[in-house]
Amino acid sequence: MIELIPAIDIIDGQCVRLTKGDYEAKTVYSRNPVEVAINFERMGFRRLHVVDLDGAKSRHIVNAATLRDITQAASLIVDFGGGIKSDADLSQAFEAGASMVTIGSVAVSHPELMARWIETYGPQRIILGADVRDGLLSINGWLEQSDADVLSFIGHYHKLGIRQVLCTDIARDGTLTGPSLPLYQQIMAAYPDLHLIASGGVASDDDILSLEEAGIPAVVFGKAFYEGRLNITPRSHEHH
């Protein structure tokens, strides 16, 4: 059964969603992300993906206090990403209660630092963030394009023990146009033992079921849930 992971994206301590990563195209869904997290827990979700969008943009953690509030109020397994660039950022995220962190930009631009983090904290606490636009990786809040190819990038960290990969198709993120199935199938074909987390474009329960049928292990969703397009919950999903 596909793992269902709701997302809370934070700007100024509020729960928001962007369209295609554009900070000008933002919708505020809640002024209180803690209430949103508690609600997800009540619905039976076990995991939560929290993104510090201010952090991604400013290149250091900004919303650690909100992360701490969420992890203290709810017993969800929280993975946290956005703006983790230094040892201090990483330890701050773990101290604020994150069970796992998602690292994207550093993995692209400072592979030796990423390798040290994997060694220090263990690969099970680190999710590789692969943000893809046209098959290539984007970094720093998607404001910069790199020339790294996604499959070789994942392959490098797979050798270092990483098995959790959060792959976002930026062109689809927040657009409700359906997930990028061919991209995820290509990754799973290359690395069948990955716990691949699909992200970007989920618009309906059918999108989630099509990912599940394609053998994708996990999915992150945000906008579709906040706009009332998803009826799927862990409890409803068990009855399929």
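Owing to the predicted nature of the structure, the values given are computational and were not obtained by experimental measurement. (Residues numbered from 1 in each chain as written. Predicted model: local features only at pLDDT ≥ 70, side-chain atom pairs only at ≥ 80, totals over all residues. Heavy atoms only, no water.)

Colleague: Looking at this model, I keep getting lost on the overall build of the protein chain. Mind explaining?
Modeller: Scanning the protein chain from terminus to terminus reveals eleven helices and twelve strands. For 240 residues, the compact-globule formula gives about 18 Å, and the C-alpha radius of gyration of the protein chain, at 16 Å, lands near that figure. For the C-alpha atoms alone, the extent of the protein chain along its principal axes is close to 40 × 40 × 35 Å. Here the protein chain holds 240 residues, and 57% of them are scored as buried. (Helix = DSSP H or I, 4+ residues; strand = E, 2+ residues; numbered from the N terminus. Rg over C-alpha atoms; globule rule 2.2 N^0.38 Å. Buried < 20%, exposed > 50% of the residue type's maximum accessible area, 1.4 Å probe, protein only.)

Colleague: Whenever I open this one, the layout of surface pockets confuses me. Can you help?
Modeller: Here the idea is plain: a probe the size of a water molecule rolls over the atoms and shows the empty space left. Considering only enclosed or pocket space, the largest pocket measures out at about 190 Å³ in volume. If you trace the largest pocket, you find it lined by Met 1, Ile 2, Glu 3, Leu 4, Gly 44, Phe 45, Arg 46, Arg 47, Ile 77, Pro 234, His 237 and Glu 238. Elements that contribute at least two residues to the lining of the largest pocket include exactly strand E1 (3–11) and helix H11 (234–237). For the lining of the largest pocket, the per-class residue count stands at six nonpolar, two polar and four charged. (1 Å grid on protein atoms, 1.4 Å probe; cavity = no way out; pocket = protein on both sides within 12 Å on 5 of 7 lines; lining within 4 Å. Points joined across faces, edges and corners; volume = space filled by probe spheres on them. Nonpolar A, V, L, I, M, F, W, Y, C, P; charged D, E, K, R; others polar.)

Colleague: Would you mind showing me how to read the pattern of salt bridges here?
Modeller: For side chains bearing opposite charge, pairing can occur when the charged atoms are close. Counted according to the given criterion, the structure contains seven salt bridges. Notably, a salt bridge pairs Arg 47 with Asp 79, separated by 3.3 Å at the nearest N-O pair. Here Arg 47 is found in strand E4 (residues 47–52), whereas its partner Asp 79 is found in strand E5 (residues 77–81), with 32 residues between them in sequence. Among the residues examined, Asp 79 registers a relative accessible area of 2% and is labelled buried. Asp 87 is the salt-bridge partner of Arg 116, the closest N and O atoms lying 3.1 Å from each other. Taken together, the residues Arg 116 in helix H6 (residues 111–121) and Asp 87 in helix H4 (residues 87–95) connect sequence positions 29 residues apart. In this structure Arg 116 comes out as partly exposed when scored by relative accessible area, which is 41%. One salt-bridge network, held together by shared partners, links Glu 3, Arg 47 and Asp 79. (Salt bridge = Lys/Arg side-chain N within 4 Å of Asp/Glu carboxyl O.)

Colleague: Explain the packing of aromatic side chains to me, please; I cannot follow it from the model alone.
Modeller: For any pair of aromatic rings, the description consists of the separation of the ring centres together with the inter-plane angle of the planes. Per the stated rule, a full pass over the model turns up nine aromatic pairs. Considering the side-chain rings of Phe 40 and Phe 225, the 4.9 Å spacing of their centres and the 50 degrees angle between planes classify their relative orientation as tilted. Here the residue Phe 40 occupies a position in helix H1 (residues 33–42), and Phe 225 occupies one in helix H10 (residues 223–226), the gap between them amounting to 185 residues. The exposure classification of Phe 40 matches that of Phe 225, with both residues buried. (Phe/Tyr/Trp six-rings, centres within 6.5 Å; stacked < 30°, edge-to-face > 60°.)

Colleague: Can you help me understand the side chain of Lys 223 in this one?
Modeller: Within the secondary structure layout, Lys 223 lies in helix H10. For the buried Lys 223, no salt bridge exists, and the shortest N-O distance to an oppositely charged side chain is 4.9 Å, to Glu 227. (Lys, Arg positive; Asp, Glu negative; His and termini not counted.)

Colleague: Sorry if this is basic, but what is going on with helix H8 (residues 181–190) here?
Modeller: Residues that lie three or four places apart on an α-helix share one face, since the helix turns once every 3.6 residues. Turning to H8, its buried residues number three or more, namely Leu 183, Tyr 184, Ile 187 and Met 188. Buried residues of H8 fall within an arc of 130 degrees about the axis and therefore sit on the same side. Opposite its buried face, H8 presents the exposed residues Pro 182 and Ala 189, each directed more than 90 degrees away. Residues of H8 that are buried in the fold lie against strand E7 (126–133), helix H7 (150–159), strand E10 (164–169), strand E11 (195–199) and helix H9 (205–213). (Arc of directions from axis to C-beta. Contact = heavy atoms within 4.5 Å.)

Colleague: Looking at this model, I keep getting lost on the pairing of E1. Mind explaining?
Modeller: One face of the sheet, then the other: side chains in a regular strand alternate in exactly this way. Extensive coverage of E1 is indicated by the burial of eight of its nine residues. Note: E1 against strand E12 (residues 218–221), four bridges, orientation parallel. Bridge pairing in E12 links Leu 4 to Val 219. Sheet analysis places E1 next to E4, joined by four bridges and oriented parallel. What sits directly across from Ile 8, in E4, is Val 50. The sheet contact formed by E1 and strand E2 (residues 14–19) spans three bridges and is antiparallel. Bridge pairing links Asp 9 to Val 16 in E2. The hairpin formed by E1 and E2 contains two residues between the paired strands, and Asp 12 there has a positive phi angle of roughly 50 degrees. (Pairing = 2+ DSSP bridges.)

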